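# Breakdown of the fold
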Amino acid sequence: MASFLGGPNEHQLHLNAVIAGLMPGTRMPGWRVEAACASGGVAVHQAVRLLATYDPILVVGVERLSGLPGAELTLNIGMAGDVILDQAEGLNFPATYALVAQQHMARYGTRTRDLELISLKNHANATKNPKAHFHHKKVTQADIDAGVMVASPLRLFDCCPVSDGAAAVILSSKPLGDHSIPIAGSAVRSDVISLAQRADCTTFPAAREAAAAAYSEAGITASDIDMAEVHDCFTIAEIIAMEDLGIATPGEAVKLIRTGDTEIGGRTPVNPSGGLKAGGHAIGATGVGQIYEAVTQLRGMAGDRQVVDPTYVVTHNVGGVGGTCAVHVLRRSM
Amino acid sequence: MSSGGSCSTCGLTYAYDLAVCTSCGSMLEPLRVSRRVALAVTEVATPSIGHGDVPYWCVLAEAEDGHRCVAKSSRAVSVGDTLTEDAAAPAGCIQAVGIVGSGVMARGLVELMLSRGHRVVWVGRSLERLDASREKVVERLAKAMDENQTGEALGRLVMSGSTTALAECDIVIEAIVEELEPKQDIIRRIEEVVGEECIIATNTSSLPLDAMSLGMRRPQRFGGLHFFNPPMRMRLVEVVRGPQTDDAVESMLVQFAESLGKTSIPVAAGPGFVVNCVLMPLLNEAVRALEDGIAPAEAIDEAVMLGLNHPMGPLALADLIGLDVVTNIMDDLYGRLGDEAYAPRPLLKQLVQEGKLGRKTGEGLFTHTRPPVSG
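Here is what the cut-offs are and how they apply
Residues numbered from 1 in each chain as written. Chains lettered and ligands numbered in written order. Predicted model: local features only at pLDDT ≥ 70, side-chain atom pairs only at ≥ 80, totals over all residues. Core = buried A, V, L, I, M, F, W, Y, C linked by C-beta atoms within 7 Å. Buried ≥ 20, exposed ≤ 12 C-beta atoms within 10 Å, placed from the backbone. Helix = DSSP H or I, 4+ residues; strand = E, 2+ residues; numbered from the N terminus. Pairing = 2+ DSSP bridges. Right-handed = clockwise from strand over helix to strand, strands pointing away. Axes fitted to C-alpha atoms, helices over the stretch in contact; angles between N-to-C directions. Parallel < 35°, antiparallel > 145°, perpendicular 65-115°, else oblique. Contact = placed C-beta atoms within 7 Å. Nonpolar A, V, L, I, M, F, W, Y, C, P; charged D, E, K, R; others polar.

### Details of the nonpolar core
Generally speaking, a soluble globular protein has its nonpolar side chains buried in company with each other. Within the largest apolar cluster, 107 residues are counted, with the highest numbers of intra-cluster contacts made by V59, Y97 and A210 of chain A together with V59 and V70 of chain B. A96, L130, V239 and L260 of chain B belong to the second largest nonpolar core, which has 54 residues in total.

### What to know about the pairing of strand β8 (residues 119-123) of chain B
Every regular strand shows the same layout, with side chains that alternate between the two sheet faces. All names here are of chain B. The element β8 is largely enclosed, with a buried count of four among its five residues. Bridge count between strand β7 (residues 96-100) and β8: five bridges; the pairing is parallel. The partner of V97 across the bridge, within β8, is V120. In this fold, the crossover linking β7 to β8 by way of helix α2 (residues 104-115) has right-handed handedness. Across four bridges, the pairing between β8 and strand β9 (residues 157-160) is parallel.

### Considering unusual backbone geometry
Look at the link from D55 of chain A to P56 of chain A: it is a cis peptide, with omega at 0°. Relative to the assigned elements, P56 of chain A resides in the loop between α3 (39-49) and β1 (57-63). Cis geometry is found at the peptide bond from S152 of chain A to P153 of chain A, where omega equals 5°. Note on placement: P153 of chain A falls in the loop between β2 (149-151) and β3 (154-155). Phi is positive for R27 of chain A, close to 50°, though the residue is something other than glycine. Structurally, the position occupied by R27 of chain A is in the loop between α2 (15-20) and α3. Classification of R27 of chain A as exposed rests on a count of 8 C-beta atoms within 10 Å. One non-glycine residue, F273 of chain B, lies in the positive phi region at around 50°. Along the polypeptide, F273 of chain B turns up in the loop between β14 (263-268) and α8 (275-291). On the neighbour-count criterion, F273 of chain B (21 C-beta atoms within 10 Å) is buried.

### Quick look at the sheet that holds strand β1 (residues 5-6) of chain B
Residues and elements named next belong to chain B. With antiparallel pairing, three strands are arranged side by side in an open sheet as β2-β1-β3. Strands with a single pairing partner mark the edges of an open sheet, and in this sheet they are β2 (13-14) and β3 (29-30). Relative to β3, β1 runs antiparallel, the two sharing two bridges. Within β3, the residue paired with G5 across the bridge is P30.

### A few points about the packing of helix α10 (residues 314-321) of chain B against helix α11 (residues 323-337) of chain B
Residues and elements named next belong to chain B. Where α10 meets α11, the axes come as close as 5 Å, and the angle between the chain directions of the two elements is 100°. Between α10 and α11, the interaxial angle falls into the category roughly perpendicular. Along its contact with α10, which presents A318, D319 and I321, the element α11 presents L323, V325 and V326.

### Some details on the interface of chain A and chain B
Taken together, the contacts link 29 residues of chain A with 27 residues of chain B. Contributions of two or more residues to the side of chain A that touches chain B are made by α4 (70-77), α5 (93-108) and β2 of chain A. Looking at the side of chain A that touches chain B element by element, the count peaks at six residues for α5 of chain A. Taken together, the residues of the side of chain A that touches chain B break down into 17 nonpolar, nine polar and three charged.

This is how it looks when you write it as structure tokens:
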């Protein structure tokens, strides 16, 4: 049971028992996992490691963010950052990733146009995903141009929406049928929480190390990845993710973006679901939803957004600004 | 804001105020705040609770020693700028706090500052009295902290009978008797020993700041921080701007108060600011009701609590504040405003004359069964 803001937003915690109330009489062991925006990925990882004890395991990610005034929601989401080092200084999440973007731009020459290309791609993908937040809304360059500044250089369409949502996966130690998809690698790493504690803000070491561990477990290298669902809570985060996952070397992700290599028909599609950017970011559900998308793609059931014959799909789920990162490698069923 | 520490044994640095290194157990040295340069800046246009005034700027800054911080600025900052005090998280610059006085408020302030991680220099006329008050502080801290934490907090406390101990303080708050001349005198003596950048604040609840700052060399670094009793629990701080207080100093006082978890309300240095200006006639009228035999003390308090939705009755509140303090404030406001509503009622004066000052002496408008509060 993965969820982040049930307490602050809804005054409802103890969500494993709330979920148990939806399955009266079953009395299965259950608990809630919280690691900010990485709650879902961390819950899946925990479940993978617990299969020796409990088998099968249902992982549910859920979040409701609507219905709260914006200023209060921004404060609550800020709980994913450090209350002393970040929140007290007004560093909300758009501002945090804005500073990341500023650093990436200064070091590698990344441009706002690159961020726009990511937004356009993910919004185009979302129109092909019936479960995406922006499925029915076609976002054009004109929409992006009209977007208000949120925290420079990030404008409205650089930011993921505030979404409600849920996702669920069932994990078992052995295939439950032909449609089962193997999780070949699963890793989580934690790191310091605030940007102020990092020597370098253009990469998240937790993501790099989680990726290395997950690839090692799966017996692959980054070049084997056919598709990725990454944590693009802001457009700049997709660039950081691609570089941390080894899909591109540092500073080079923009080249793949400019050439269309990360589009659905490209060499390494990134976020065919629309990602968090346009698919939506129902926080606790996100990491679980990424697994859902990976499985759907590997089953060849992704419809209009189907990537051609992927063998390895990687998911990348980040809490805060790299404080937690969960990476999973899923493989086509042999 | 946390100021951080570094370990000279294994070289690790921490953004938090830890006592010892988590790796080797050595005592940590506090990080010295040095010149900070802006590495990246974002202009934030979305408001959130506590940060409603937009735009503001968030700066990722690096000090000469490589230590980084995030700082909020109310004005535009460019990459490469050296952060001024305003931008470099002023509250973070206030680490050593001087508290002058040995009464109930001073003790409460010492407890608050220690619990918020500050180094505290506590100055009072009599070391004996401070020692007795220290026991109370220890008792209070121990309620919220374990033995190690209490020990660590007390390790940050220095007590002295002389103002010279205040020399290294970033801010000094005087909380001595609520009378003008002693306050003028102590403020001058504080100013003689502290550094140029030190802020001097008065905890006065109503006295005129212009009179208090007469003869100061740096009146622009003087202002009011009116905490309420008990400071640990009461959420309001009236931040009082004196006639010569700098804008930057006022905003540092606001941020300092907020860093202590308080809500700050900036007020002009008019008589009684907001709270006492409103409160004193209420207390006085409650005493008049008692004098006139309208109802017994308990009943007056209960009527106000239930009828006005106050958490405490006015007579009990007067006893908590101290009847001597209440009459001093009233005398001062009456003198400055000439309004009879502020002239202390005869019963108040009589009780003060009899030494019945309220909770701290065990008797005032009520008889208090709890042992008198020392100090």
